[in-house]
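Chain by chain, the residues run as shown.
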Amino acid sequence: MGNAYLEKVLNDVSKKNSNEPEFVQAVDEVLSTLEKVIDKHPEYQKIAMLERVVEPERLVSFRVPWVDDKGQVQVNRGYRVQFNGVLGPYKGGLRFHPSVNQSIMKFLAFEQIFKNALTCLPIGGGKGGSDFDPKGKSDDEIMRFCQSFMNELQRHIGADVDVPAGDIGVGAREIGYLFGQYRKIKNIYEAGVLTGKGLDYGGSLARKEATGYGLIYFMREMLKANGRTIKGKTVSVSGSGNVAIYACEKAQEYGANVVAMSDSNGCIYAPNGIKLDVVKEIKEEQRLRIKEYLKYDSSAQYFETTDRPKIWEIKVDIALPCATQNEIDLESAKKLVANGVMAVGEGANMPTNKEAIEYFLSNNVLLAPAKAANAGGVATSALEMSQNSMRYFWTFDEVNEKLDRIMTNIFEQCQKAAQEYGLGTNYVAGANIAAFRKIAKAMRSQGII
Ligand code: NDP
């Protein structure tokens, strides 16, 4: 890194958070693209702009005791990171997954600040969750866990304070239990305190589809700007959860042939095209493993995950990582490039590690960065908050149109910033620069806080 101030801050972050590799990775990924912006603003050093951007405003960690179906008390750890509220109430999902720890929470909350800035909606950055594993738990156990989690979380959130939503392991069912417990404790119908709610009690149409659809809207714009289209392309989508399913749906609607999807156990390869209704039945209804797909499509094959996801070995034009962080490393990136991949769209948060990002960019692969490309979910969450405030609802088409406009605008911001700084089609840097400028400007306006 050529800028001494940037280098110092990054070194300090690495030292101070040496046991938080994902957080350090996320900070490194952003700071390493900001050199020219920081060169332009030497005054930022005096007001410790970067030191403040990389330090959460607040982080709470708490005990979550709950009783399982056998009557045994279990204890998990809960988190909420309120990273930066300069643009609006903290906003970001809750993740329930055994891998959750402080590093993962902080990386997600940090990324969320930039993503939310790009939506141009008034929302700050936060994230939360627990190391609770919802897999294999009964409905009653999920409810008791969510209630206990909310017993503490309710002290820290509010429609104008901090508004959580879903993420890995937290869908409409969990949001329902969390909202019920919040309402019970607070004795107030504060619909805007959580998003991703059921449609019958304040949820927004198109929220469920928003992250996946938004990813494809961004991809459409990115390809268009480079003289290409989605139509007729072969696509792989990792994961088979909320983001993956609706990315697949919109890509198919645009005429792509989606040939692969996965879960944490393995991937299916369906050369004639994924039958999405089957995936929805297996994942959204039955909550089973993706391998079950073989029962419904005799031409499909299944590959077990061993040391790294097999899905990236499949030849495609467009790869959409929509499962989890660091799912594409350099080796996987090399396989994708060798097989002629033309574009990668990050549906998951930080799915591509730094070496893989650099490899894609240096091989002229168009890369749609997560902060920009998967912002459709949080943007639609903000639209849900707007509808809750108005005590009104918009139709599916109305929300979807707004989402499309927001995603198109996000792409334009990334493109403009990349052009302004002579970075060509490096939309990774474009996204970071566009978001950082907005955050820094607001932080300067609000003084040293
Ligand atoms: P879901 O829980 O609905 O689905 C996650 C999917 O990814 C599942 O298929 C899961 O498989 C797979 N997966 C999870 N962890 C791993 C792992 N360690 N290795 C391999 N596969 C894994 O989550 P979402 O679809 O909501 O979220 C997916 C990603 O998108 C996350 O990075 C999330 O932060 C990001 N995101 C989500 C948004 C949203 O609106 N939901 C908004 C913006 C970003 P299995 O069932 O086997 O665990």
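Here, every reference points to the structure presented above.
Description of the structure in this document. Keep in mind that this is a model prediction, so the values were computed, not measured. (Residues numbered from 1 in each chain as written. Predicted model: local features only at pLDDT ≥ 70, side-chain atom pairs only at ≥ 80, totals over all residues. Heavy atoms only, no water.)

### Topic: the nonpolar core
Item 1. By size, the foremost hydrophobic cluster in this structure holds 101 residues, and its most contacted members are F110, F218, M261, L320 and F436.
Item 2. In this view, F218 contacts A368, P369, A372, A373, M407, I410, F411 and C414; residues no more than four positions away in its chain are not counted.
Item 3. By size, the runner-up hydrophobic cluster in this structure holds 21 residues, among which are F96, F145, V170 and V193. (Core = buried A, V, L, I, M, F, W, Y, C linked by side-chain atoms within 4.5 Å. Buried < 20%, exposed > 50% of the residue type's maximum accessible area, 1.4 Å probe, protein only. Contact = heavy atoms within 4.5 Å.)

### Concerning helix 1 (residues 4-16)
Item 1. Between its first and last C-alpha, helix 1 extends 18 Å over 13 residues, near the 18 Å set by a 1.5 Å rise per residue.
Item 2. All of the buried residues in helix 1 are Y5, L6, V9, L10 and V13. Seen end-on, helix 1 carries its buried residues on one side only, within an arc spanning 130 degrees. Of the exposed residues in helix 1, the ones pointing more than 90 degrees away from its buried face are A4 and K15.
Item 3. The inward-facing, buried residues of helix 1 contact helix 2 (21-31), helix 3 (35-40), helix 4 (43-46) and helix 5 (49-53).
Item 4. Capping of helix 1 at its N-terminal end is provided by N3; its side-chain oxygen lies 3.0 Å from the backbone amide nitrogen of Y5. (Helix = DSSP H or I, 4+ residues; strand = E, 2+ residues; numbered from the N terminus. Expected span 1.5 Å × (residues − 1). Arc of directions from axis to C-beta. Polar contact = N/O pair within 3.5 Å; in protein donor to acceptor, adjacent residues only side chain to side chain.)

### Notes on the site of the ligand
Item 1. The environment of the ligand is made up of 25 residues, and the closest members are D167, T211, S264, R289 and N349.
Item 2. R95 has a polar side-chain atom sitting 2.9 Å from an oxygen atom of the ligand.
Item 3. R289 is positioned with one of its side-chain polar atoms (N or O) 2.3 Å from an oxygen atom of the ligand.
Item 4. Compared with its free state, where it exposes 880 Å², the ligand has 82% of that area covered by protein.
Item 5. Looking at the shell around the ligand, the elements that each hand over two or more residues are helix 9 (207-225) and helix 10 (242-253).
Item 6. Considering only residue class, the shell around the ligand consists of five nonpolar, 13 polar and seven charged.
Item 7. When we break the shell around the ligand down by domain, the ones giving at least three residues each are domain 2 (58-194) and domain 3 (208-373). (Near = heavy atom within 4 Å. Areas by Shrake-Rupley, 256 points an atom, 1.4 Å probe, with all protein chains shown as cover. Nonpolar A, V, L, I, M, F, W, Y, C, P; charged D, E, K, R; others polar. Domains from an automatic or database assignment.)

### A closer look at helix 2
Item 1. Within helix 2, nine of the 11 residues are buried, which leaves the element mostly enclosed by the surrounding structure.
Item 2. Turning to helix 2, its buried residues are E22, F23, V24, A26, V27, D28, E29, V30 and L31.

### What about the packing of helix 16 (residues 396-420) against helix 17 (residues 427-445)?
Item 1. Two elements in contact, helix 16 and helix 17, have axes whose closest approach is 7 Å; the angle formed by their N-to-C orientations is 100 degrees. By the angle class used here, helix 16 and helix 17 are roughly perpendicular. Across the interface between the two elements, F411, Q413, C414, Q415, A417, A418 and E420 of helix 16 pack against Y427, G430, A431, I433, A434, R437 and K438 of helix 17.
Item 2. Of the residues belonging to the contact of helix 16 with helix 17, the class tally is eight nonpolar, three polar and three charged. (Axes fitted to C-alpha atoms, helices over the stretch in contact; angles between N-to-C directions. Parallel < 35°, antiparallel > 145°, perpendicular 65-115°, else oblique.)

### Comments concerning the sheet that holds strand 1 (residues 58-67)
Item 1. The strand order 1-2-4-3-5 describes an open sheet built from five strands, whose pairing is mixed. Pairing within the sheet leaves two strands with one partner each, and these edge strands are strand 1 and strand 5 (162-165). Looking at each pair of strands side by side, their axes are set apart by 20 degrees on average, direction ignored.
Item 2. Helix 7 (residues 139-153) contacts strand 1, strand 2 (73-84), strand 3 (90-96), strand 4 (124-130) and strand 5 of the sheet and is inclined by roughly 140 degrees relative to strand 1. (Pairing = 2+ DSSP bridges.)

### Considerations on the packing of helix 9 against helix 10
Item 1. In the contact formed by helix 9 and helix 10, the axes pass within 7 Å of each other and the chain directions differ by 50 degrees. One element, helix 9, and the other, helix 10, form an angle in the oblique class. Here helix 9 runs over helix 10; the crossing is right-handed. Mapping the contact onto sequence places K208, E209, T211, G212, Y213, L215, I216 and Y217 in helix 9 and N242, V243, Y246, A247, E249, K250 and A251 in helix 10. (Left-handed = near helix turned anticlockwise from the far one by under 90°.)

### As for the environment of L367
Item 1. Its place among the elements puts L367 in strand 12 (residues 366-368).
Item 2. For L367, a relative accessible area of 1% puts it in the buried group.
Item 3. Separated by 71 residues in the primary sequence, L367 and K438 have C-alpha atoms spaced 22 Å apart.
Item 4. Look past the residues within four positions of L367 in its chain and what remains in contact with it is M222, V344, E346, I357, F360, L361, Y427 and V428.

### Some words on the sheet that holds strand 12
Item 1. In spatial order, the strands read 9-8-7-6-10-11-12; together these seven strands make up an open sheet with mixed pairing. Two strands bound the open sheet, and with one partner strand each, they are strand 9 (301-304) and strand 12. On average, each strand axis in the sheet is tilted by 15 degrees relative to the strand beside it, whichever way the strands run.
Item 2. Two strands pair when backbone bridges link them, and strand 11 (residues 343-345) and strand 12 are joined in this way by three bridges, in the parallel orientation. Bridging across to strand 12, A343 finds its partner in L366.

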